[in-house]
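Reading the structure
Chain by chain, the residues:
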Amino acid sequence: MSSVAQDFIAGLPKAELHLHIEGTLEPEMAFALAERNGVKLPYASVEAMRRLYDFQNLADFLDLYYQATQALLTERDFYDLARAYLDRAREENVRHAEIFFDPQAHMRRGVPFGAVVEGLSAALNDAVREGGPTSRLLMCFLRDLDAADAVATLEAARPWLDRIAGVGLDSAEAGNPPGKFTEVYERARSLGLRAVAHAGEEGPAAYVAEALDRLKVERIDHGVHAIDDAALVQRLARERVPLTVCPLSNIRLCVYPDMRAHPIQRLFEAGVVVTVNSDDPAYFGGYVNENYRAIQQAFTLGAAELTQLAKNSFSASFLSDTEKKERIAEVDAYARTNGT
Ligand code: HPA
Ligand code: ZN
């Protein structure tokens, strides 16, 4: 890739809207936290852990991802994890991050909800004091568990709802359609929470439509399989439903064989509000700028397209309209000075 495009991406102000904080746990930190907590991870070394990052599908990845969370036990662990991500995000000119966490993955190991959310939110607040990014927390329900478990998790979250902007839905998608969670989403929305859901990552286009119709989500995480249904693509464009696309994740999990086969460019050209994100960057070979670089290279994107993607990331966010306008103006100013 041209170094001009590399530099343009590096400096571009952007938001990241699809980021699992547990997916930022680098092996070095996993080992350091495990040692601090007296936990034994089932890998011989950092290198041995990295050698397992050869995933054939989403299930392969999720096995390792949940296993590595064993290192995370205390409020301080969650603080350190989020601080490390936010420091990295600031270096990549991420001005705003909407961050997923998986409370059920921790509560089933005996970690209290409060330890997770207090640690994360303290890190988010400290980052703002130190120059950003601003951020929001989105709590995900694990879709391979029962709907009743999701309801119990929402109840457990009640004392901390002032720290949580919305709910999401993640984990094993195939066989766990969005409709299974209709009631808990209704309850979450009635409590004033925003709603998003993973759909159409490994699951079919029909799951994307179901997430919109049954869960009333405001944006779709991944959503790439919408490309298999032309009428759905038109609907996403017409209704301006944003997709939080994670290109490197989709390649690493073999959703598409290579970046040239990835539908992001086709979705973008069809007028869908596409955004670029890193999903689980410790596992998928790159943080957000690496994702921009990978698609820039595959589709020879220019400054105009990259600028539009960055603007989409703010317009698709849960910032206020005033904040969105300010951040988008920042992107425009950057493009005027640095665009070629
Ligand atoms: N898909 C589904 N569940 C997840 C993911 C993902 O990419 N990352 C963490 N949990
Ligand atoms: Zn995800």
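Residues numbered from 1 in each chain as written. Chains lettered and ligands numbered in written order. Predicted model: local features only at pLDDT ≥ 70, side-chain atom pairs only at ≥ 80, totals over all residues. Heavy atoms only, no water.

Before going further, it helps to examine the environment of phenylalanine 61. If you trace the backbone, phenylalanine 61 turns up in helix H4 (residues 58–68). Given the relative accessible area of 3%, phenylalanine 61 is considered buried. A sequence separation of 53 residues divides phenylalanine 61 from phenylalanine 8, and the C-alpha atoms of the two residues are 32 Å apart. (Helix = DSSP H or I, 4+ residues; strand = E, 2+ residues; numbered from the N terminus. Buried < 20%, exposed > 50% of the residue type's maximum accessible area, 1.4 Å probe, protein only.)

What follows concerns the UniProt feature "binding site: substrate" (unreviewed entry) in the protein. The sites that UniProt annotates as "binding site: substrate" (unreviewed entry) are Asp280. Take aspartate 280: it is sitting in the loop between strand E8 (274–276) and helix H14 (281–284). According to the relative accessible area criterion, aspartate 280 is buried, its value standing at 3%. Beyond its immediate stretch of four places on either side in the chain, aspartate 280 contacts His20, Gly23, Phe61 and Tyr65. (UniProt positions renumbered as here; feature names shortened; annotations may be inferred. Contact = heavy atoms within 4.5 Å.)

Donor atoms from the polypeptide that coordinate the zinc ion (ligand 2) comprise His18 (NE2), His20 (NE2), His198 (NE2) and Asp279 (OD), at 2.1 to 2.2 Å from the metal. Coordination at the zinc ion (ligand 2) is irregular, judged from the four donor atoms that bind it and the angles of 80 to 172° they form at the metal. Taken in chain order, the donor set of the zinc ion (ligand 2) reads H-x1-H-x177-H-x80-D. Linking histidine 18 in strand E1 (residues 14–20) with histidine 198 in strand E5 (residues 194–199), this pair joins segments that are 180 residues apart in sequence. Classification of histidine 18 as buried rests on a relative accessible area of 0%. With a relative accessible area of 4%, histidine 198 lands in the buried category. (Donors = N, O, S within 2.8 Å, 3.2 Å for Na, K, Ca; no water. Tetrahedral: all angles 85-135°; square planar, octahedral: opposite > 155°, others 65-115°.)

Let us look at the state of the cysteines. Counted under the stated rule, the structure contains zero disulfides. Looking at cysteine 246, it has no disulfide partner, and the nearest cysteine sulfur is the one in cysteine 140, 12 Å off. Under the relative-accessibility criterion, cysteine 246 is labelled buried at 0%. (Disulfide = S-S within 2.5 Å.)

This next bit is on the pattern of salt bridges. Summed over all chains, the structure comprises 21 salt bridges. Note that aspartate 213 is salt-bridged to arginine 235, the shortest N-O span being 2.8 Å. Of this pair, aspartate 213 sits in helix H10 (residues 205–215) while arginine 235 sits in helix H11 (residues 230–238); the two residues are 22 residues apart in sequence, bridging distant segments of the chain. Accessibility expressed as a relative area gives 40% for aspartate 213, which makes it partly exposed. Within this structure, Arg83, Asp126, Arg129 and Glu130 form a network of salt bridges that share partners. (Salt bridge = Lys/Arg side-chain N within 4 Å of Asp/Glu carboxyl O.)

Near ligand 1 you find His20, Leu58, Phe61, Leu62, Tyr65, Asp170, Ser171, His198, Glu201, His222, Asp279 and Asp280, and these make up its full shell. One of the side-chain nitrogen or oxygen atoms of aspartate 280 is found 2.7 Å away from a nitrogen atom of ligand 1. Here ligand 1, which alone exposes 260 Å², has 100% of that area covered by the protein. Placement of ligand 1 is best described as lying within the largest cavity. At four residues, the largest contribution of residues to the shell around ligand 1 is made by H4. (Near = heavy atom within 4 Å. Polar contact = N/O pair within 3.5 Å; in protein donor to acceptor, adjacent residues only side chain to side chain. Areas by Shrake-Rupley, 256 points an atom, 1.4 Å probe, with all protein chains shown as cover. 1 Å grid on protein atoms, 1.4 Å probe; cavity = no way out; pocket = protein on both sides within 12 Å on 5 of 7 lines; lining within 4 Å. Sits in = over half its atoms within 2 Å of the grid points.)

Across the sheet, eight strands lie side by side as E1-E2-E3-E4-E5-E6-E7-E8; this open sheet has parallel pairing. The two strands at the open ends of the sheet, each matched to only one other strand, are E1 and E8. The sheet shows a mean angle of 25° between the axes of neighbouring strands, direction not considered. Here six bridges tie strand E2 (residues 94–101) to strand E3 (residues 134–142), and the two strands are oriented parallel to one another. Bridge pairing in E3 links glutamate 98 to arginine 136. (Pairing = 2+ DSSP bridges. Axes fitted to C-alpha atoms, helices over the stretch in contact; angles between N-to-C directions.)

A word on the nonpolar core. Generally speaking, nonpolar side chains in soluble globular proteins are found buried as a group. Ranked by size, the top nonpolar core spans 114 residues in total, and within it Phe101, Tyr185 and Tyr283 carry the most contacts. Per element, the largest residue contribution to this core is eight residues, and it comes from helix H7 (residues 113–129). The contact partners of phenylalanine 101, leaving out residues within four places of it in the chain, are Ile21, Glu22, Phe113, Val116, Val117, Leu120, Leu137, Leu138, Met139, Cys140 and Ile164. Membership of the second largest hydrophobic core comes to six residues, among which are Phe100, Leu138, Ala165 and Val196. (Core = buried A, V, L, I, M, F, W, Y, C linked by side-chain atoms within 4.5 Å.)

Time to look at the pairing of E5. For E5, the buried fraction is high: five of the six residues fall into the buried class. Two elements, strand E4 (residues 166–170) and E5, share two bridges in a ladder whose sense is parallel. Within E5, the residue paired with valine 167 across the bridge is alanine 195. Handedness of the crossover is the feature at issue here: the chain leaves E4, passes through helix H9 (residues 182–190), returns alongside E5, and the resulting connection is right-handed. The sheet contact formed by E5 and strand E6 (residues 219–222) spans four bridges and is parallel. The residue of E6 that forms the bridge with alanine 199 is histidine 222. On the question of chirality, the crossover connecting E5 to the parallel E6 by way of H10 is right-handed. (Right-handed = clockwise from strand over helix to strand, strands pointing away.)

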